[in-house]
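Architecture and fold: a report
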Amino acid sequence: MKVLTVCLGNICRSPMAEGILRHLARERGITITTDSAGTSDYHVGEAPDRRAQAAMLRKGMDISDLRARQFTANDYHTFDVILAMDADNLRKMRALAPNAELAAKARLIMDHAPTHPLRSVPDPYFGGDAGFDDVHAMLTEAIDALLTDVTQQR
Ligand code: 4NP
């Protein structure tokens, strides 16, 4: 299974999601390919935001190897599942889909955590460190559920 996580800048939420995904998959012995991207080109080539890296390290997860890139229409061919961090980015991603069938690969990551009160992961970029810990917690809930679904489907 190939999973892509997507946000706006690809330096905060989606690299955190990618880091949690690969960490939890490895822990559970699930083989997956992961990547992340941004709908904007604002931070292409950059490592994750220092605050995102620090929040991840507080949970024992290192994402210093990741580099930002922009989401492209070709990602619909490469990945099986494409997880948007929020409704605004999902709209931008759907607008790039080559056709309706491929567009259906894109969904909100929080759809995997239906009992969580938020459907979109709040952008932590303009806030403080606590926002990054909140993002980590909600992403962990959704990704844990996603991996449980994947295991049960096998
Ligand atoms: P992200 O956060 O989409 O979670 O990576 C942001 C990073 C940068 C900007 C906005 C959001 N920016 O406007 O530069």
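A few points on the structure. Quantities reported herein were computed from a predicted structural model and do not represent experimental measurements. (Residues numbered from 1 in each chain as written. Predicted model: local features only at pLDDT ≥ 70, side-chain atom pairs only at ≥ 80, totals over all residues. Heavy atoms only, no water.)

**Things to note about the packing of aromatic side chains**
What counts, and what does not: Stacked, edge-to-face and tilted are the three classes for Phe, Tyr and Trp ring pairs, Trp counted by its six-membered ring, which pair at centre distances within 6.5 Å; planes under 30 degrees apart are stacked, over 60 edge-to-face, the rest tilted. Throughout this description, buried means an accessible area under 20% of the type-specific maximum (1.4 Å probe, protein chains only), exposed means over 50%, and partly exposed covers the range between.
Applying the stated rule across the entire model yields 2 aromatic pairs. Note on F71 and Y76: the rings are 5.6 Å apart at their centroids and 80° apart in plane angle, and the pair reads as edge-to-face. Both residues of the pair, F71 and Y76, count as buried. Measuring from centroid to centroid gives 4.8 Å for Y125 and F126, while their planes differ by 85°, and the two rings are edge-to-face. Judged by its relative accessible area of 29%, Y125 falls in the partly exposed class.

**Comments concerning the pairing of strand β3 (residues 81–84)**
Our working definition: Helix numbers and strand numbers start at the N terminus; a helix is a DSSP run of H or I with at least 4 residues, a strand a run of E with at least 2. Two strands form a pair only when DSSP identifies at least two bridges running between them.
Because side chains alternate across β3, one face comprises the buried residues V81 and L83, and the other comprises I82 and A84, equally buried. Where strand β1 (residues 2–7) meets β3, 4 bridges bridge the pair, whose relative direction is parallel. Paired with L4 across the bridge in β3 is I82.

**Some words on the packing of helix α1 (residues 13–28) against helix α2 (residues 50–57)**
Definition in use: All axes here are fitted lines through C-alpha atoms, helices being fitted over the stretch that makes contact, and every angle between N-to-C directions spans 0 to 180 degrees. Any angle that falls under 35 degrees is termed roughly parallel, while one over 145 is termed roughly antiparallel, one within 65 to 115 roughly perpendicular, and all others oblique. Crossings are sorted by hand: turned counterclockwise from the far helix by less than a right angle, the near helix makes the crossing left-handed, and turned clockwise it makes it right-handed. Only heavy atoms enter the contact rule, under which two residues are in contact if any of them lie within 4.5 Å. Think of it as three bins: nonpolar holds Ala, Val, Leu, Ile, Met, Phe, Trp, Tyr, Cys and Pro, charged holds Asp, Glu, Lys and Arg, and polar takes everything else, Gly as well.
Packing of α1 against α2 leaves a shortest axis separation of 10 Å and a crossing angle of 25°. Judged by the angle between their axes, α1 and α2 are roughly parallel. Judged by the sense of rotation from one axis to the other, the crossing of α1 with α2 is right-handed. Contact residues: M16, G19 and I20 in α1; A52, A55 and M56 in α2. Residues of the contact of α1 with α2, tallied by class, amount to 5 nonpolar, 1 polar and no charged.

**Some words on the nonpolar core**
This is how the line gets drawn: For our purposes a nonpolar core is just a set of buried Ala, Val, Leu, Ile, Met, Phe, Trp, Tyr and Cys residues, chained together by side-chain atoms within 4.5 Å.
If you look at the biggest cluster of nonpolar residues, it comprises 35 residues, and the most contacted ones within it are M16, I109, V121, L139 and I143. Every element with two or more residues in this core is listed here: β1, α1, α2, β3 and α6 (129–153). Beyond its immediate sequence surroundings of up to four residues, L139 is in contact with R13, M16, A17, I20, M85, I109 and V121. Core analysis: the next-biggest nonpolar cluster, separate from the first, contains 15 residues, F79, I82, L102 and A103 among them.

**A word on the site of the ligand**
Cut-off, in case you're wondering: If even one non-hydrogen atom of a residue comes within 4 Å of a molecule or strand, that residue is called near it. N or O atoms within 3.5 Å of each other form a polar contact, as long as, within protein, one can give a hydrogen and the other can take it, and as long as residues adjacent in sequence are counted only when both atoms are side-chain atoms. We get accessible surface area from the Shrake-Rupley algorithm with a probe of 1.4 Å; when it comes to residues, only the shown protein chains can shield them.
Neighbouring the ligand are C7, L8, G9, N10, I11, C12, R13, Y42, H43, D123 and Y125. In this structure, an oxygen atom belonging to the ligand sits 3.2 Å away from a main-chain N or O atom of N10. One of the side-chain nitrogen or oxygen atoms of D123 is found 3.3 Å away from an oxygen atom of the ligand. Coverage of the ligand by the protein chains reaches 91% of its 360 Å² of free accessible surface. A breakdown of the residues in the shell around the ligand according to their chemical character gives 6 nonpolar, 3 polar and 2 charged.

**A word on the packing of α1 against α6**
Relative orientation of the contacting elements α1 and α6 amounts to 45°, with a least axis distance of 9 Å. Judged by the inter-axis angle, α1 sits oblique to α6. Seen from above, α1 lies across α6 with right-handed handedness. On the side of α1, the interface is formed by R13, M16, A17, I20, L21, L24, A25 and R28, while α6 contributes F132, V135, H136, L139, T140, I143, D144, L146, L147, T148 and T151.

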